[in-house]
Amino acid sequence: MRNPPLTVTSLVQALERRELSAEELTGEVLARLDRTEPVVGAFLTVDAEGALAAARRSDCRRAHGETLHPMDGIPFAVKDNFCTAGVRTTCASRMLEHYIPPYSATVVSRLQSAGCVLMGKLNMDEFAMGSSTQHSALGITRNPLNPECVPGGSSGGSAAAVAAGELPFAIGSDTGGSIRQPAAFCGVMGFKPTYGLLSRYGLISFAPSLDCVGIITGTVADAAQVLQLTAGRDPLDATCLSAGIPDFAETVGAGVKGLRIAVVPDAGMGSTSAFLSRAVLYATECLRDAGATAEEAVLPSPEQALLSYCTVSAVEAASNLARFDGIRFGTAQACEESPETRISAARGAGFGEEVKRRILLGTALLTGSFRERYYLPACRLRRGIVQAMASLLERYDLLLMPTAPGGAFRADQPLSAMDMRKMDLCTVYASLAGIPAMSVPVGEDESGMPLGIQIMASRLHEDLILRAAQVLENGKPD
Amino acid sequence: MNMQKEQPTDETWLKHIAGLACIDLTEAEIRRYTAELNRLLLALDGMKAFGDSAEGLTDGIPESELREDTVGSCLPREELLSASASADGVYYLISHGRELWGGAV
């Protein structure tokens, strides 16, 4: 259930050459949504009226020679945990089902300031907690490549929309792999930049020390273009870096000649499927053929990294989601008793199963002796992983490994809470260390579903990742 | 190490945790989450020391990445209390200027 792909690069050219107007392009996207959304279900909210009005303003600017940016008129959508002024923002939760923010996230404002056209809001796991988008309280999203499979998560709507050819790019958030894993499951590019390169202002937080804003596109060049537009210091986010932003579009085609690449074929899991091994081997050969040197390397145990991630993220989530009390945010339940009773009732009714599980776990981990026993060791473990990754990336320019333990699994395949978390096994390293990582589709599994290969680099070396991703996108010469 | 001996993790404990988290749970949820949290805690017991545990938990923030904070004066309590609430609440400007592409929004 897919449309022909849309790419930023080709649409920018078509708009520049006046081969189509922004209004026609927006109309085409709306027509595509009519065709594929009944099956894919990537969107929670489509703002057709707002999008057409923005597109007409873009056409007006172009007619007067006043385009704001080359991407003026390009349609996009964002995961539903980004605040959008005047457009419903739910986090796929009953708690925020009717919430309309009074302001927009910086990443949304930057795209709109450049003239990009916001089409609507995309489905996700509730409060970004999940790896399949099955934990959305407001709708089901299916994988466009096989509707019987999940799209991954938590940015499942963002990946599915791009993979279905509904949009040229989408914005998501990545806490433990929530952009890279769905991108791998849906066969598109998923980019999690360095922690702090993109502003988190207006992103409804899950775990603030891990949350990153990222990009899902169909091509590497598109990822570079969107990254260029959205990255950079924001005075509204104290954790946003003030580092200079290189010209990503300029460097993306520079190749990988002379780069040193560490390959971790099994991501430290001990074994992988033959299909995944072949995908890693193919990616390694592509990079070697392009002039890079590649060696096998070893990483700290992914299970240990996952345990650290589970602990730290649950504790931060429990603290973070305390604000959803049914009074300031959320649906207050009718109750004549004390405010405490009312708040507990609102949270009990408003949060879904997975969110409650993580809040309870995070709360428990900070009580009594559990803080010393679990939380502090998890923080030390995280620090050890940061040091191990930094040490490895001093010796190598890039790190290559699978994005996920396999391809997209069937929606009717029951997974326990812990098995679901194992979907993040390969992605939590970059999340804990705050380093950039990108998933590139390489190969297929036994069911014909795409497999993703993840490329990582040290902090603020997004340009190296884009160069390697471009080589993988081009593939081996026949 | 058997955590059951050190700190009880039964349904009474789970009710206490739910109370701290301000979440009403049904009896069925209490039973389910008690079992699930016990499984998760057992998994977390597999966490091993890694790296130099004597070091501090966080790095200092490099000076180059610090921003200049501006602190304005607080509104007097009387002024706050007398402000009439509008339909979508009352907002106070706490930050000036946004460095956005193409100018302010």
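Parameters and conventions
- Residues numbered from 1 in each chain as written.
- Chains lettered and ligands numbered in written order.
- Predicted model: local features only at pLDDT ≥ 70, side-chain atom pairs only at ≥ 80, totals over all residues.
- Heavy atoms only, no water.
- pLDDT = per-residue confidence, 0-100.
- Contact = heavy atoms within 4.5 Å.
- Pairing = 2+ DSSP bridges.
- Helix = DSSP H or I, 4+ residues; strand = E, 2+ residues; numbered from the N terminus.
- Axes fitted to C-alpha atoms, helices over the stretch in contact; angles between N-to-C directions.
- Polar contact = N/O pair within 3.5 Å; in protein donor to acceptor, adjacent residues only side chain to side chain.
- Salt bridge = Lys/Arg side-chain N within 4 Å of Asp/Glu carboxyl O.
- Buried < 20%, exposed > 50% of the residue type's maximum accessible area, 1.4 Å probe, protein only.
- Expected span 1.5 Å × (residues − 1).

Caption draft 1: Structural context of the confidence of the model for chain B. Residues and elements named next belong to chain B. Looking at chain B as a whole, the pLDDT averages 69, with 43% of positions reaching at least 70. Every residue in residues 90–105 scores below 50 in pLDDT, and together they form 28 contacts with partners more than four places removed in sequence or on other chains. Both scores are given for the predicted complex: the pTM is 0.88, the ipTM 0.89.

Caption draft 2: Structural view of the sheet that holds strand β1 (residues 43–46) of chain A. All names here are of chain A. Reading across from one edge, β1-β3-β2-β4-β6-β5-β10-β11-β9-β7-β8 is the order of the 11 strands in this open sheet, with mixed pairing throughout. The sheet is open, and its two edges are formed by β1 and β8 (293–296), each paired on a single side. Each neighbouring strand pair of the sheet contributes to a mean axis angle of 25 degrees, computed without reference to strand direction. With 4 bridges connecting them, strand β2 (residues 75–79) and strand β3 (residues 117–122) associate as parallel partners. The residue bridging Lys 79 from the neighbouring strand is Leu 122, located in β3. Of the strands in this sheet, β5 (189–192), β9 (398–402), β10 (437–444) and β11 (450–456) touch helix α16 (residues 462–474), which is tilted by about 10 degrees from β10.

Caption draft 3: Fine view of the side chain of Ser158(A). Residues and elements named next belong to chain A. Mapped onto the secondary structure, Ser 158 falls in helix α5 (residues 156–163). A polar atom in the side chain of Ser 158 sits 3.2 Å from the backbone oxygen of Ile 171. Among residues more than four places away in sequence, those in contact with Ser 158 are Lys 79, Leu 122, Asn 123, Ala 170, Ile 171, Gly 172 and Ile 216.

Caption draft 4: Expanded view of the pattern of salt bridges. Residues and elements named next belong to chain A. Tallied over the entire structure, the rule returns 20 salt bridges over all chains. Glu 353 is paired through a salt bridge with Arg 357; the nearest N and O atoms lie 2.9 Å apart. One end of the pair, Glu 353, and the other, Arg 357, are both in helix α12 (residues 353–364), 4 residues apart, so they sit about a helical turn from each other. Judged by relative accessible area, Glu 353 falls into the partly exposed class, the value being 41%. Residue classification places Arg 357 among the buried positions, given a relative accessible area of 4%.

Caption draft 5: Structural context of unusual backbone geometry. Residue and element names in this part refer to chain A. Look at the link from Gly 153 to Ser 154: it is a cis peptide, with omega at 10 degrees. You can see Ser 154 is positioned in the loop between β3 and α5. Of note, Phe 127 is a non-glycine position whose phi angle comes to about 50 degrees, a positive value. Secondary-structure assignment places Phe 127 in the loop between β3 and α5. Since its relative accessible area comes to 2%, Phe 127 is described here as buried. Even without being a glycine, Leu 460 presents a positive backbone phi close to 65 degrees. Following the sequence through the fold, Leu 460 ends up in the loop between β11 and α16. Its relative accessible area of 32% is what places Leu 460 among the partly exposed residues.

Caption draft 6: Fine view of helix α10 (residues 302–320) of chain A. In this model α10(A) runs 26 Å from its N-terminal to its C-terminal C-alpha over 19 residues, within 8% of the 27 Å that 1.5 Å per residue would give. Judged by how many residues are buried, α10(A) sits mostly within the fold: 17 of 19 residues are covered.

Caption draft 7: Quick peek at the environment of Ile204(A). All names here are of chain A. Following the sequence through the fold, Ile 204 ends up in the loop between β5 and β6 (212–217). In sequence terms Ile 204 and Cys 91 are 113 residues apart; their C-alpha atoms lie 7.8 Å from each other. Among residues more than four places away in sequence, those in contact with Ile 204 are Asn 81, Cys 83, Thr 89, Cys 91, Leu 96, Phe 127 and Phe 324.

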